[in-house]
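One-letter residues, chain by chain:
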Amino acid sequence: MITVTIDGLAFEAKPTYPSSGWVCRRLQGWYSGAPIRDDALDRPASDGAFGVSRAYRSARPLRFEGALFAATTEQAIGELWRAFSAVQADGRPFPLSVTDETGTLTATVSLSGAVEIEPETDRVARVTARFIAYDPVKYGPLRQLVTGLPTAGGGLTYSLFDPAGTLDYGANGNLGRVELTNAGTAEVWPTVRVDGGLAGGFFAQRLDTGQTVRYDRVIPVGSWVEVDFASGAVVVDGESDGSTYLTRGEFFSVPPGGAFDVQFNGIGAATGTPLMTVTIADGYW
């Protein structure tokens, strides 16, 4: 069964209609690929156009058709119809998710035009709406990968057999790395958050290419810095712009089917328990 969730309202694709509930009849543009932008320039005074080195995708348009079935007229008007007409009531983009046998994928969308509710009876209404996903990628569930700073450690523990016991070289160290993966079909960009304290900042480095994102400023204990690799935005404590202190911005993405390690290093002395948390999700066209 396929379930379409629009701004928290769940519509189920059903072969038969219920006595009460939300039904999805059609969602156009979701399983299709996002449209390719036509950026070609016509050749002056000749046939054809100049080629492009890479074709980019446009925003993803979506068209939804559904139905609202209520047990009573009061429920239809007071609960179902008013709830759907209030989609994106605060004006902010919202998640639209589709759940099927393979799992749940989500896109952030905005309304394009008006929500239309057409009563067919006093308890049944047909609804249509158009949405636009400015980021055309559909994302799987978010996952967070966490590591502390690199720490030295011992080695393996060797058995000396009874009754001699074991030869213990101490606890293992921490490499200070996380592995980023993307099982999807579209390129995705991580978000990195670093919690202090770090006297001089930090840098995160993709080990296979050497690409580095470096932040040169103190991060006190209890403070944190978040870097969005897609937009390049740097935010301190969820409020302040910290982009001035980003001295290297070699942002990297994770390609479809890609996997690589990212190294976390502090700059200067460390206090408390500094952590790097990388948030990422698989992306699909």
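Quick caveat: nothing in here was measured; it's all calculated off a predicted structure.

**As for the pattern of salt bridges**
So, point 1. A complete count under the given rule lists 10 salt bridges for this structure.
So, point 2. Between Arg126 and Glu120 there is a salt bridge; the shortest N-O distance is 4.0 Å.
So, point 3. Residue Arg126 is classed as partly exposed on the basis of its relative accessible area, which comes to 30%.
So, point 4. The class for Glu120 is partly exposed, based on a relative accessible area of 46%.
So, point 5. With its nearest N and O atoms 3.1 Å apart, the salt bridge here joins Asp282 to Arg143. Of this pair, Asp282 sits in the loop between β24 (275-280) and β25 (283-284) while Arg143 sits in strand β12 (residues 143-148); the two residues are 139 residues apart in sequence, bridging distant segments of the chain.
So, point 6. Exposure remark for Asp282: the relative accessible area of 16% places this residue in the buried category.

**As for the sheet that holds strand β19 (residues 224-228)**
Strands in a sheet are paired, the pairing made by backbone hydrogen bonds, and the direction either parallel or antiparallel.
So, point 1. Taking strand neighbours across the sheet as the criterion, the six strands line up as β12-β24-β16-β19-β20-β21 in an open arrangement whose pairing is antiparallel. Looking along the sheet, the strands with just one partner apiece sit at the ends: β12 and β21 (240-241).
So, point 2. Judged from the two bridges that link them, strand β20 (residues 234-236) and β21 form a sheet pairing that is antiparallel. Looking at the pairing, Val235 lines up with Asp241 of β21.

**Focus: helix α1 (residues 73-85)**
Along an α-helix, residues three or four positions apart point the same way, because every turn accommodates 3.6 residues.
So, point 1. Within the sequence span of α1, burial applies to Gln75, Ala76, Leu80, Trp81 and Phe84. Down the axis of α1, the buried side of the element spans an arc of 130°, and every buried residue falls inside it. For α1, the exposed residues lying more than 90 degrees away from the buried face are Glu74 and Arg82.
So, point 2. Check the buried side of α1 and you find it contacts β2 (9-12), β3 (21-28), β6 (60-69), β9 (116-119) and β10 (124-133).

Criteria and thresholds
- Residue positions are given per chain, counting from 1 as you read along its sequence in written order.
- Restriction of local features to residues with pLDDT of at least 70 applies here, the model being predicted, together with a cutoff of 80 or more for giving and counting side-chain atom pairs; totals for whole chains, interfaces and linings are based on all residues.
- Note that the side-chain values use all heavy atoms of the structure and ignore hydrogens as well as water.
- Salt bridges, as used here, are contacts in which a Lys or Arg side-chain nitrogen is within 4 Å of a carboxyl oxygen on Asp or Glu.
- In this scheme, a residue with accessible area under 20% of its type's maximum is buried, one over 50% is exposed, and one in between is partly exposed, where area comes from a 1.4 Å probe on protein chains only.
- Elements are defined by DSSP. Helices are runs of H or I of four residues or more, strands are runs of E of two residues or more, and each kind is numbered from the N terminus.
- Paired strands, as defined in this entry, are two strands with at least two bridges between them according to DSSP.
- Along the arc lie the directions from the helix axis toward the C-beta atoms.
- Note on contacts: a residue pair is in contact if any heavy atoms of the two residues lie within 4.5 Å.

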